[in-house]
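Descriptive structure summary
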Amino acid sequence: MTPPTGAHIIARSLRDLGITVIFGIVGIPVVEIAEEAINLGIRFIGFRNEQAAGYAASAYGYLTGRPGICLVVGGPGVLHGMAGIGNANVNAFPLLLLAGSSETNLVSRGAFQELDAISLLTPHTKLALRPPSLESIPDVIQNTYRISWYGRPGTGFVDLPADLIKGVVEDAEDVAEAAPIPNAPKGGVEEARLFKIAQLIKSAKAPLVVIGKGAAYARAEGVTRDLINKTNLPFLPTPMGKGVIADSHSANTASARSTALKEADVVLVLGARLNWILHFGDAPKWNPAAQFIQVDISAEEIGRNSGNPELGIIGDIDIVVSQLISALDSWSYPASTPFIQHLSAAKSKNEATAASKASNSKTPMTYAHAFTIIEQTLHSLSPPNDAGIVYVSEGANTMDISRSIFPVSHPRLRLDAGTYATMGVGLGYAIAAHAAYNGSAAEGQSGPQGRKKVVCLEGDSAFGFSAMEVETMGRYGMDILIFVINNGGVYHGDSDDAEAWLELQGKTLEGKSEGGLRSTSLGWEVGYEKIAEACGGVGYLVRTPEELEKATREGFREARVCVVNVMVEAGKGQKLEFGWQASGTEKTRKRSKL
């Protein structure tokens, strides 16, 4: 038997941990690891940029419930991969990054792509290690994998010097094998605290349950649905908490969000953080008297911003919610309260406004009308309650407006820019979703099974961050449907008229400081659909509702990657407003912290 190399030991350790797919970009010296992994039956998905590979691996970790694996070269590969590390850490996605590095004996001598990655990444990871020997590789990889996953998920990093990768173990019996790691133990809440919290919920005049992506990651949809169905408590999903309970549920307050926040007096927060997405729990967005009951796996989150540590619960959402259901017994929130009436009135008003916007059939199309056509067409092809579609969205207007138009009935079927508001994640996330749901093996999946169509809703600016990953999709035969919502700008475009835009460009090319293209300007009607055509896929350029309906229908049925380039109104002159921003005149409340 040929003595195993370090590359083989690394690949074998990943296989023994149960890894079935690796995302990354190869080069010297990690190409040997990728080839050994392929020989052992592990799928390697090669990207065009390490950022997108890191984003894909982190999203794969969220979707499957176990760390995604990203393999990159040293030096610049690590620097590019840091984008995925930051995104994984802030979103609490489990990620294991493996990177090559220069030979140990050449450290400090200016070796090829030399970088002290351990020193660089230690502050940004849960654990960063370099195996001291060939024999220690399985233990180091296994331990780093476990730590990235257990507790609050984050990133683990293993640095792999070239001499270790190419090294040979003379006696294979000296190398222990890695072993699959079981799910982490789950903790609940003590009875005294549980009783106190149950009584607080029962006494609330305007209780609200906030459901975050942590509940989706915890696979807590079953007990969370039981809680809402048994208690009639109104709930509000965060953007990626959508689907833990179906958007169509009567207790969903998403379309009355402002009213829910302003009036809620007791708020049960399940796997969400009181950060910018939830306005830090502060007035004037929130009721100044609101009491927050935070349920989180991370002790550090308890008491953050407006949370009260005395009401916080450190534990697994699946266990804690089960305990809470028992503590509440047969209690349910009355449907005749003023709070419910106010929510109902706000829903009716806001949904009517949204319907009016969606029916505006002007050309160029509005965002709302374009999304409504896409949603209605997809609905006719794959009803939303059959869990047949995964939605990925990014881009300020595209993500914000589409969120309320595309319903989700099951968890982990919607991915967006997330807590870090990272632009450029979309195509990496789409590849991750395709691998997680349509791959030969779907690690850690639960809930509705079956092949899923991945649909990307991309702003033209966001699409540009990782557009070459369309080639990755084409190379691996991924039938991903991408809509590029093209307004010709970041946030807003310059004009809906070609001559007017060319005049602006002309002033810029002449070197004039005023009257030309702005910092938010993008190219005029860029042919993004041609990227798909160049990569073996199919592209559509659409301007009218009829063209969009036809392209959506045909694109959904395509077995290749498809890009639909959708021309929408530029939005010139509109004020930039985002729901998560508070007015400069608004004062946030001060709350004493224990």
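Residues numbered from 1 in each chain as written. Predicted model: local features only at pLDDT ≥ 70, side-chain atom pairs only at ≥ 80, totals over all residues. Heavy atoms only, no water.

Looking at the overall build of the protein
- Secondary structure summary: the protein contains 21 helices and 17 strands in total.
- What you see for the protein is a C-alpha radius of gyration of 25 Å, in line with the 25 Å of a compact globule of 594 residues.
- For the protein, the spread of C-alpha atoms along the three principal axes comes to 75 × 70 × 45 Å.
- Per-residue burial over the protein gives 56% buried out of 594 residues.
- For the protein, restricting intrachain contacts to residue pairs at least 6 apart in sequence, the fraction spanning at least 24 positions comes to 78%.
- Roughly 24000 Å² of accessible area belongs to the protein as shown, and the carbon and sulfur atoms make up 53% of that amount. (Helix = DSSP H or I, 4+ residues; strand = E, 2+ residues; numbered from the N terminus. Rg over C-alpha atoms; globule rule 2.2 N^0.38 Å. Buried < 20%, exposed > 50% of the residue type's maximum accessible area, 1.4 Å probe, protein only. Contact = heavy atoms within 4.5 Å. Areas by Shrake-Rupley, 256 points an atom, 1.4 Å probe, with all protein chains shown as cover.)

Topic: the packing of helix α8 (residues 191–203) against helix α12 (residues 317–328)
- Two numbers describe how α8 lies on α12: the axes approach to 9 Å, and their chain directions differ by 65 degrees. Regarding α8 and α12, the two cross each other, and that crossing is right-handed. Between α8, through L194, I197, A198, I201 and K202, and α12, the contact on the second element is made entirely by Q323, L324, A327 and L328.
- Along the lines of polarity and charge, the residues of the contact of α8 with α12 split into seven nonpolar, one polar and one charged. (Axes fitted to C-alpha atoms, helices over the stretch in contact; angles between N-to-C directions. Left-handed = near helix turned anticlockwise from the far one by under 90°. Nonpolar A, V, L, I, M, F, W, Y, C, P; charged D, E, K, R; others polar.)

Details of the sheet that holds strand β2 (residues 43–46)
- Within the open sheet, the six strands sit side by side as β2-β1-β3-β4-β6-β5. Their pairing is parallel. Each having just a single partner strand, β2 and β5 (127–129) make up the two edges of the open sheet. Adjacent strand axes in the sheet meet at a mean angle of 20 degrees, parallel and antiparallel pairs treated alike.
- As judged from the five bridges shared by strand β3 (residues 68–72) and strand β4 (residues 95–101), these two strands associate in the parallel manner. Its bridge partner being in β4, G68 is matched across the sheet by L95.
- Each of β3, β4 and β6 (155–161) is contacted by helix α4 (residues 76–91), which is oriented at about 165 degrees to β4, the strand it contacts most. (Pairing = 2+ DSSP bridges.)

Details of the UniProt feature "domain: Thiamine pyrophosphate enzyme central" (unreviewed entry) in the protein
- Residues annotated in UniProt with the feature "domain: Thiamine pyrophosphate enzyme central" (unreviewed entry) correspond here to residues 196–324.
- For the annotated span residues 196–324, helix accounts for 30% and strand for 16% of the residues, and the straight-line distance between the end C-alpha atoms is 11 Å. (UniProt positions renumbered as here; feature names shortened; annotations may be inferred.)

What about the sheet that holds strand β8 (residues 235–237)?
- Strand order in this open sheet of five strands is β8-β7-β9-β10-β11, and the pairing throughout is parallel. With partners counted over all chains shown, the strands left at the sheet margins are β8 and β11 (313–314), one partner each.
- Note that strand β10 (residues 291–296) and β11 share two bridges and pair parallel. The residue bridging D296 from the neighbouring strand is I314, located in β11.
- Contacting β9 (266–270), β10 and β11, α12 crosses the sheet at an angle of about 145 degrees to β9.

Overview of the pattern of salt bridges
- In total, this model carries 22 salt bridges according to the counting rule given.
- Across the pair E301 and R304 runs a salt bridge whose closest N-O atoms are separated by 3.0 Å.
- Exposure remark for R304: the relative accessible area of 38% places this residue in the partly exposed category.
- One connected set of salt bridges, linked through shared partners, spans R48, E471 and R475. (Salt bridge = Lys/Arg side-chain N within 4 Å of Asp/Glu carboxyl O.)

Some points on the UniProt feature "domain: Thiamine pyrophosphate enzyme N-terminal TPP-binding" (unreviewed entry) in the protein
- Sequence positions flagged by UniProt for "domain: Thiamine pyrophosphate enzyme N-terminal TPP-binding" (unreviewed entry) are, in local numbering, residues 5–119.
- The span residues 5–119 is 47% helix and 17% strand, and its two end C-alpha atoms sit 27 Å from each other.

Observations regarding helix α1 (residues 6–16)
- The buried fraction of α1 amounts to nine of the 11 residues, a majority that puts the element mostly inside the structure.
- G6, A7, I9, I10, A11, R12, S13, L14 and D16 are the residues of α1 that are buried.

A word on the confidence of the model for the protein
- Per-residue confidence for the protein gives a mean pLDDT of 92; residues scoring 70 or more make up 94%.
- In the predicted structure, residues 441–447 sits below a pLDDT of 50 and forms 17 contacts with residues beyond four places in sequence or in another chain.
- Within the model, pLDDT remains below 50 along residues 583–594, and this stretch shows 26 contacts once partners closer than five positions in the same chain are excluded. (pLDDT = per-residue confidence, 0-100.)

Details of the state of the cysteines
- In the structure shown here, the tally under the stated rule is zero disulfides.
- Just so you know, C70 is unpaired, no disulfide at all, and the nearest cysteine sulfur is the one on C456, 18 Å from it.
- The thiol sulfur of C535 is not disulfide-bonded, and the nearest other cysteine sulfur, from C562, lies at 13 Å. (Disulfide = S-S within 2.5 Å.)

Notes on unusual backbone geometry
- In this model, I28 is joined to P29 through a cis peptide bond whose omega is 10 degrees.
- The step from A283 to P284 runs through a cis peptide bond, and the omega angle for that step is 10 degrees.
- Note on placement: P284 falls in the loop between β9 and β10.
- At A92, a residue that is not glycine, the phi angle is positive and equals roughly 60 degrees.
- Note on placement: A92 falls in the loop between α4 and β4.
- At D329, a position not held by glycine, the phi torsion is positive, near 55 degrees.
- By secondary structure assignment, the location of D329 is in the loop between α12 and α13 (338–358).

Let's talk about a negative patch on the surface
- Taken together, the side chains of E135, E170, D171, E173 and D174 present a region of like negative charge at the surface.
- On the secondary structure map, D171 appears in the loop between α7 (162–166) and α8.
- Of the residues examined, D171 reaches a relative accessible area of 35% and is grouped as partly exposed. (Patch = residues over 30% accessible without salt bridge, like charges linked within 9 Å, V, L, I, M, F, W, Y side chains within 5 Å. Lys, Arg positive; Asp, Glu negative; His and termini not counted. Charge placed at Lys NZ, Arg CZ, Asp CG, Glu CD.)

So, the side chain of S393
- Position of S393 relative to the elements: it lies in strand β12 (residues 389–394).
- Taking relative accessible area as the criterion, S393 reaches 3% and is therefore assigned buried.
- Setting aside residues no more than four positions away along its own chain, S393 makes contact with M399, S402, R414, L415, D416, A417 and L457.

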